[in-house]
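# Coordinate analysis (summary)
Below are the chains, spelled out letter by letter.
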Amino acid sequence: MVASRWTAAPARPAALRRRGVVLERAILDAALEQLSTVGWSGLTMEGVAAGAQTGKAAVYRRWPSKEDLVADALQAGLPRFDETPDLGSVREDLLALCRWARDAMYSRPGSALRSVIHECDPSQAERFHGVIFEGVVEPTVRLLGEIAARGIERGEVRRDAVNGYVLDVIPAMMMYRSKLSVSEWTDRELEEMIDQLMMPLLRPGGD
């Protein structure tokens, strides 16, 4: 069949006419995908626009810079740590929380976050300190505090152990080893950290 000027043009896919929240979600998803595949250095606004199947102008209208876009993408994509594990003992609760944190670190948003942490220069990294603290560190420390408080009630944790230094140990160790030692935190490594570091810090004296 020969096409004529009267032949109806094919309709554009509805996905390409997205607007508002739907379009913004697609752009944020595309930014996370870029970060987890090509990293911070390889991410471009043009690449994000292509991944979201939209124009570069639509990206720049919402996010004037790469840093602004990535910060919002990380905030929207990072898993939420809302529920405290309650498996009957401090050790098992700590292990469950560490496994959640490990899985989050190696999810697509987590890979994107690690790309930012590893590749940004100090001046750029400052832009993401709030995202890292509010999205990762603060929720983890809060849940650790809840686990330790339950442990105090059961007599598994001494009362003076619940302080900022002790509660910072797990997130600090996991981020340090992930960044500098490229540790993937196997189950065995998590168990060793809990048994050799955290439990001795938390136990009542003499145990």
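Note that the structure is a prediction, hence the values are computed from the model and not measured.

### Some remarks on the overall build of the protein
Helices and strands together make up the secondary structure of the protein, namely 10 helices and 0 strands. The helix and strand sequence of the protein, counted from the amino end, reads α-α-α-α-α-α-α-α-α-α. Relative to its full complement of 207 residues, the protein shows a buried share of 42%. Taking the intrachain contacts of the protein between residues at least 6 apart in sequence as the baseline, contacts between residues at least 24 apart amount to 73%. For the protein, the accessible area works out to roughly 11500 Å², and carbon and sulfur atoms hold 54% of it.

### Describing the confidence of the model for the protein
In the predicted model, the protein carries a mean pLDDT of 83, and the fraction of residues at 70 or more is 88%. Ignoring residues within four places in sequence, the model shows residues 1-15, a span with pLDDT below 50, making 1 contact including any to other chains.

### Topic: the side chain of Lys66
Position of Lys66 among the secondary structure elements: in helix α4 (residues 66-77). An unpaired buried charge is present at Lys66: no salt bridge exists, and Glu67, the closest side chain of opposite charge, is 6.7 Å distant. Sequence-distant contacts of Lys66, defined by excluding residues within four places in its chain, comprise Trp40, Ser41, Leu43 and Met45.

### Overview of the packing of aromatic side chains
Per the stated rule, a full pass over the model turns up 0 aromatic pairs. It is Lys66 that lies over the ring of Trp40; its NZ or CZ is 4.3 Å from the centre.

### A closer look at the environment of Leu201
Among the secondary structure elements, Leu201 is positioned in helix α10 (residues 187-202). Relative accessible area serves as the criterion here: at 28%, Leu201 is assigned to the partly exposed category. Between the C-alpha atom of Leu201 and that of Ala161, which follows or precedes it by 40 residues, the distance is 6.9 Å. Ignoring any residue separated from it by four or fewer positions in sequence, one finds Leu201 in contact with Arg158, Ala161 and Val169.

### Things to note about unusual backbone geometry
Residues other than glycine seldom take positive phi values, yet Gln53 does so here, at roughly 55°. Within the secondary structure, Gln53 sits in the loop between α2 (45-51) and α3 (56-62).

### A look at the side chain of Gln34
Relative to the helices and strands, Gln34 resides in helix α1 (residues 20-42). Of the residues examined, Gln34 reaches a relative accessible area of 18% and is grouped as buried. With residues up to four places along the chain from it excluded, the contact list for Gln34 reads Gly39, Gly42, Leu43, Thr44, Gly47 and Val48.

### Regarding the packing of α4 against helix α6 (residues 108-119)
When two helices pack together, their arrangement is given by the angle between the helix axes and by the axis-to-axis distance. Interaxial distance between α4 and α6 falls to 9 Å at its minimum, and their mutual angle equals 145°. Here the hand of the crossing between α4 and α6 comes out left-handed. Together, Val70, Leu74 and Gly77 of α4 and Pro109, Ala112, Leu113 and Val116 of α6 make up the contact between the two elements. Residue composition of the contact of α4 with α6, grouped by class: 6 nonpolar, 1 polar and no charged.

### Overview of the environment of Lys179
Its place among the elements puts Lys179 in helix α9 (residues 164-180). Taking relative accessible area as the criterion, Lys179 reaches 42% and is therefore assigned partly exposed. In this structure the C-alpha to C-alpha distance between Lys179 and Ser115, which are 64 residues apart in sequence, comes to 9.7 Å. Once residues within four sequence positions are removed from consideration, Lys179 is found in contact with Ile117 and His118.

### Considerations on the pattern of salt bridges
Within this structure, the stated rule accounts for 18 salt bridges. A salt bridge links Arg25 to Asp29, with the nearest nitrogen and oxygen atoms 2.9 Å apart. With a gap of 4 residues between them, Arg25 and Asp29 both fall in helix α1, about one helical turn apart. Overall, the relative accessible area of 33% leaves Arg25 in the partly exposed class. Exposure remark for Asp29: the relative accessible area of 29% places this residue in the partly exposed category. Put simply, Glu46 and Lys56 hold a salt bridge, and the shortest N to O gap is 3.4 Å. Within this pair, whereas Glu46 is found in helix α2, its partner Lys56 is found in helix α3, the two being separated by 10 residues in sequence. Residues participating in the shared-partner salt-bridge network are Asp86, Asp93, Arg150, Arg154 and Glu156.

Here is what the cut-offs are and how they apply
- Residues numbered from 1 in each chain as written.
- Predicted model: local features only at pLDDT ≥ 70, side-chain atom pairs only at ≥ 80, totals over all residues.
- Heavy atoms only, no water.
- Helix = DSSP H or I, 4+ residues; strand = E, 2+ residues; numbered from the N terminus.
- Buried < 20%, exposed > 50% of the residue type's maximum accessible area, 1.4 Å probe, protein only.
- Contact = heavy atoms within 4.5 Å.
- Areas by Shrake-Rupley, 256 points an atom, 1.4 Å probe, with all protein chains shown as cover.
- pLDDT = per-residue confidence, 0-100.
- Lys, Arg positive; Asp, Glu negative; His and termini not counted.
- Salt bridge = Lys/Arg side-chain N within 4 Å of Asp/Glu carboxyl O.
- Phe/Tyr/Trp six-rings, centres within 6.5 Å; stacked < 30°, edge-to-face > 60°.
- Lys NZ or Arg CZ within 6 Å of the ring centre and 35° of its normal.
- Axes fitted to C-alpha atoms, helices over the stretch in contact; angles between N-to-C directions.
- Left-handed = near helix turned anticlockwise from the far one by under 90°.
- Nonpolar A, V, L, I, M, F, W, Y, C, P; charged D, E, K, R; others polar.

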